[in-house]
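Spelled out from the first residue to the last, the chains are:
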Amino acid sequence: MAGLIDSNKQPLSNGTGDPIADADGLLGLARGIEDQQAAEIAAPAIEEQYAAAMVEVIEKKQDQASQIEDRLENMIETQSARLQQVQSHPPGMLALPGARARWQAQVAQAQAVIHTLQNRLETVREIRDGITANGSKIEALAAEKLEHRQPKLAEDFAELQEARRLHELHMRQRQEKKRELVQEGTPSGGLSLSRGLSQTRGGGAA
């Protein structure tokens, strides 16, 4: 009797002759099909849940970065106004040397504070808008936060991505193998055809 055919049109084993063992094996295959179908159904749900969670975390981090940026900009404006005020009231020509030294120290201190705030502002903007080889920095931070907040969801999503990567790799390998087989078969087939045509022509000439 021909082997049984499963739902994917792949031949199954004819069995070992032990009906109990064969039945257990077939049951295992059926459960595997059920598990595969369940995984295929769950995949979109995992992706949607993970994407929604990522959007939520990213939006919160972007809001936090924007709030920090606004505060730093306000602080820079305040310090700049203070610097202008100090610079607009330098010691007079008759002021003591100590007064001019104190004024210069105040100007230098205000300038240093502004410089520090500007560096902090650039860092915040880089975190919010920076790009890495794998995407934006804020997405990477959101993924790390989500991994700690919802480890099971992050693990399921990572496993899904890895399974798809392996499947794509397997499919590429199959396609490459098919191309190799076709390339290996083409010369011999072409040579046989050429020989056949030559013989046919030779026979006709005779």
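For every chain, the first residue of the written sequence is number 1, and numbering continues from 1 onward in sequence order. Local features in this predicted model are restricted to residues whose pLDDT is 70 or higher, and side-chain atom pairs enter the listing and the counts only when it is 80 or higher, whereas totals over whole chains, interfaces and linings include all residues. With hydrogens and water excluded, all non-hydrogen atoms of the structure serve as input to the side-chain values.

Undergrad: Is there a simple way to think about the overall build of the chain in this case?
TA: Of regular secondary structure, the chain possesses four helices and two strands. The classification of residues rests on relative accessible area computed with a 1.4 Å probe and restricted to protein chains. Under 20% of the type maximum is buried, over 50% is exposed, and intermediate values are partly exposed. Residues counted as buried form 17% of the 206 residues belonging to the chain. When contacts within the chain are restricted to residue pairs at least 6 apart in sequence, those whose partners lie at least 24 apart make up 66%. For the chain, the accessible surface area stands at approximately 15,800 Å², while carbon and sulfur atoms represent 55% of it. Secondary structure follows DSSP: runs of H or I at least 4 residues long count as helices, runs of E at least 2 residues long count as strands, and numbering of each begins at the N terminus. Contacts are assigned to residue pairs that have any heavy atoms within 4.5 Å of one another. Note on areas: these come from Shrake-Rupley sampling with a 1.4 Å probe, and a residue is covered only by the protein chains present in the view.

Undergrad: Please clarify how the pattern of salt bridges should be interpreted in this entry.
TA: When charged atoms on two side chains of opposite charge get close, those side chains can pair. Salt bridges are counted wherever a side-chain nitrogen of Lys or Arg sits within 4 Å of a carboxyl oxygen of Asp or Glu. Scanning the model with the defined rule gives 10 salt bridges in all. Measuring nitrogen to oxygen at the nearest pair gives 2.5 Å for the salt bridge that ties R128 to E69. Highlighted residues: R128 in helix α2 (residues 97–129) and E69 in helix α1 (residues 19–87), separated in sequence by 59 residues. By relative accessible area, which is 9% here, E69 ends up buried. Notably, a salt bridge pairs R165 with E162, separated by 2.7 Å at the nearest N-O pair. Taken together, the residues R165 and E162, both in helix α4 (residues 151–205) and three residues apart, mark about one turn of the helix. Residues joined in a network through salt bridges with shared partners are E69, E73, E122, R125, R128 and D129.

Undergrad: For this particular structure, what's the right way to read helix α3 (residues 137–149)?
TA: Since the α-helix packs 3.6 residues into each turn, any two residues three or four apart lie on the same face. In this scheme, a helix's expected span is set at 1.5 Å multiplied by one less than its residue total. Over its 13 residues, α3 runs 18 Å from end to end, which matches the ideal 18 Å to within 8%, given 1.5 Å per residue. Every buried residue of α3 is listed here: I138, A142 and L146. Projection of α3 onto a plane perpendicular to its axis shows the buried side chains occupying an angular sector of 75°, all on one side. Taken from the helix axis, the directions to the C-beta atoms give the arc we talk about.

Undergrad: Honestly, the packing of aromatic side chains in this entry has me stumped. Any pointers?
TA: Aromatic ring pairs are reported here in terms of the distance separating the ring centres and the angle at which the planes meet. Working definition: a ring pair exists when centres of Phe, Tyr or Trp rings (six-membered ring for Trp) sit within 6.5 Å. Plane angles under 30 degrees give stacked, over 60 give edge-to-face, the rest tilted. Under the defined criterion, the tally for this structure stands at one aromatic pair. Aromatic side chains Y50 and F157 sit 3.8 Å apart centroid to centroid with 5° between the ring planes, which places their arrangement in the stacked category. Placement of the pair is Y50 in helix α1 and F157 in helix α4, with a sequence separation of 107 residues. Taking the relative accessible area as the measure of exposure, Y50 reaches 12% and is therefore buried.

Undergrad: Even after reading the chapter, I still don't get the environment of V57, so can you show me in this structure?
TA: By the element assignment, V57 lies in helix α1. Taking relative accessible area as the criterion, V57 reaches 2% and is therefore assigned buried. As for V57 and L146, which are separated by 89 residues in sequence, their C-alpha atoms are 7.4 Å apart. Non-local contacts of V57, meaning those with residues more than four positions away in its chain, are made with A142, K145 and R149.

Undergrad: Help me understand the environment of D156 in this model?
TA: Inspection of the secondary structure assignment puts D156 in helix α4. Considering only alpha carbons, one finds D156 and I46, 110 residues apart in sequence, at a separation of 7.2 Å. Polar contact is defined as a pair of N or O atoms within 3.5 Å, subject to the rule that within protein one atom must be able to donate a hydrogen and the other to accept it, and that residues adjacent in sequence are counted only when both atoms are side-chain atoms. Reaching out from D156, the side chain makes a polar contact with the side chain of K152 at a distance of 2.8 Å.

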